[in-house]
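The residues making up each chain are set out below.
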Amino acid sequence: MTRSLVTGATAGIGHGFADELARRGQDLVLVARDAERLAAVSDDLATRHRVQVETIVADLSDREGTRAVADRLSDDSSPVDLLVNNAGSGLAAWFGATDIADEERQLDRLVRAPMVLMDAALKSMAGRGGAIINVASLAAFTPRGTYSASKAFVVNLSQWANLHYGEDGIRVLALCPGFVRTEFHARGEMDMSGIKPWMWLSVETVVRAALADLDRGRAVSIPGRRYKLLATLARHAPAAIVARQARRGRD
Ligand SMILES: NC(=O)c1ccc[n+]([C@@H]2O[C@H](COP(=O)([O-])OP(=O)(O)OC[C@H]3O[C@@H](n4cnc5c(N)ncnc54)[C@H](OP(=O)(O)O)[C@@H]3O)[C@@H](O)[C@H]2O)c1
């Protein structure tokens, strides 16, 4: 692989991917909304790792922004070999207490945008191969409102695509981390005081686990032994018990 496109590359998990991929010699196409911060991250990565870095300022909650990124993925004159569908943010309140316009934008950001970008990447990678990492969440395995429902869509689609396109040399992975130390929770004004220290993962742990699982051809990556165990319990315990447990945790 020679060129990777990472959405949400200026902070958190997306920045971790961009940094690690550039360290491995990948040229980059980076996407985020804040143009100034994107330019600063681009300069830093290009200088430190001596790789080519392009940037696209785009809001993936809107159709025009998503189309601009999809068009770049469809540009076969400088093909993208790895798409990291990472950009995302949540909402501060539970569904039913939020503004429905915010919910619709979250759906566009967490479901519509990754689906549209995945479509463009699959079509461009047909015949030459490539890889797609869809950053979902451990929340996908528990019922926790519209955020977890959106992530469940991403995991389900990734699992199918891993099988369906694996034969064509296109690897697809859903990354399902638990809590990761990033800007995500502050941006969503979430109270994380109830989260135990052992539950926090570092960006580096998550990125390394995802890239290793992608190399192994896995469909789902769950970084950390404790989270693997929790995911197994969530998938095999009775649904009503999982739903009740999922109501605990952060409010
Ligand atoms: N942190 C966790 O505990 C955790 C756990 C499981 C899954 N995840 C998932 O991991 C992914 C990354 O989250 P993170 O924790 O790394 O968050 P983060 O630290 O807040 O970083 C989010 C990145 O996405 C960009 N972004 C946000 N909204 C965007 C939009 N509408 N269009 C384009 N870019 C946008 C941000 O830049 P701009 O603001 O400049 O656009 C930033 O670069 C998300 O999909 C999230 O659901 C996070």
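Residue indices begin from 1 for each chain and proceed along its sequence in written order. The predicted origin of the model limits local features to residues at a pLDDT of at least 70 and limits the giving and counting of side-chain atom pairs to 80 or more, whereas totals for whole chains, interfaces and linings rest on all residues. With hydrogens and water excluded, all non-hydrogen atoms of the structure serve as input to the side-chain values.

A. Fine view of the site of the ligand. The nearness test applies per residue and asks whether one of its heavy atoms lies within 4 Å of the molecule or strand. Inspection of the region around the ligand gives 31 residues, with Thr10, Arg33, Tyr147, Thr182 and Arg187 positioned closest. Polar contacts, as counted here, are pairs of nitrogen or oxygen atoms within 3.5 Å of one another; within protein the pair requires one atom able to donate a hydrogen and one able to accept it, and residues that are adjacent in sequence qualify only if both atoms are side-chain atoms. Between a nitrogen atom of the ligand and a side-chain N or O atom of Asp59, the distance comes to 2.9 Å. Taking Glu183, its main chain carries an N or O atom lying 3.0 Å from an oxygen atom of the ligand. Computed with the Shrake-Rupley method and a 1.4 Å probe, the accessible areas treat only the protein chains shown as cover for residues. Starting from 890 Å² of accessible surface for the ligand in isolation, the protein chains cover 98%. Here the element with the most residues in the shell around the ligand is helix α6 (residues 184-187); it accounts for 3 residues. Any residue that is not Ala, Val, Leu, Ile, Met, Phe, Trp, Tyr, Cys, Pro, Asp, Glu, Lys or Arg is counted as polar, Gly included; the first ten are nonpolar and the last four charged. Classifying every residue of the shell around the ligand by side-chain character gives 14 nonpolar, 10 polar and 7 charged. Every helix listed is a DSSP run of H or I at least four residues long, and every strand listed is a run of E at least two residues long, numbered separately from the N terminus.

B. Main features of the side chain of Gln26. You can see Gln26 is positioned in the loop between α1 (12-23) and β2 (27-32). The class for Gln26 is buried, based on a relative accessible area of 6%. Here Arg3 takes part through its backbone nitrogen, which lies 3.4 Å from a polar atom of the side chain of Gln26. For Gln26, the side chain forms a polar contact with the side chain of Ser4, separated by 2.6 Å. Whether a residue is buried, partly exposed or exposed follows from its accessible area with a 1.4 Å probe, protein chains only, as a fraction of its type maximum: under 20%, in between, or over 50%, in that order.

C. Structural context of the packing of aromatic side chains. Put simply, two rings from Phe, Tyr or Trp (the six-membered ring, in Trp's case) pair if the centres are within 6.5 Å, and we call them stacked under 30 degrees between planes, edge-to-face over 60, tilted for the rest. On inspection of all chains with the given rule, the structure shows 4 aromatic pairs. Consider the rings of Phe179 and Trp200, whose centres lie 5.6 Å apart with planes at 50°: the pair is tilted. Remark: Trp200 occurs in strand β8 (residues 200-201) and Phe179 occurs in strand β7 (residues 179-180); sequence separation between them is 21 residues. For Trp200, a relative accessible area of 18% gives the class buried. Taking 6.5 Å as the distance between ring centres and 40° as the angle between the ring planes, the aromatic pair formed by Trp198 and Tyr227 counts as tilted. You can see Trp198 sitting in the loop between α6 and β8 and its partner Tyr227 sitting in helix α8 (residues 225-236), a full 29 residues away along the chain.

D. How the structure looks around the pairing of strand β4 (residues 82-85). Residues Leu82 and Val84 point to one face of β4 and Leu83 and Asn85 to the other, with burial holding for every one of them. Pairing between strands is defined by DSSP: at least two bridges between them are needed. Here strand β1 (residues 3-7) runs beside β4; their pairing, made up of 3 bridges, is parallel. Within β4, the position partnered with Val6 by the bridge is Val84. Pairing of β4 with strand β5 (residues 130-135), which is carried by 4 bridges, proceeds in the parallel orientation. Directly across from Leu82, in β5, lies its bridge partner Ala131. Crossover handedness is defined here as right-handed if the route from the first strand over the helix to the second strand goes clockwise, with the strands pointing away from the viewer. What joins β4 to β5 is helix α4 (residues 100-125), and the crossover it makes is right-handed.

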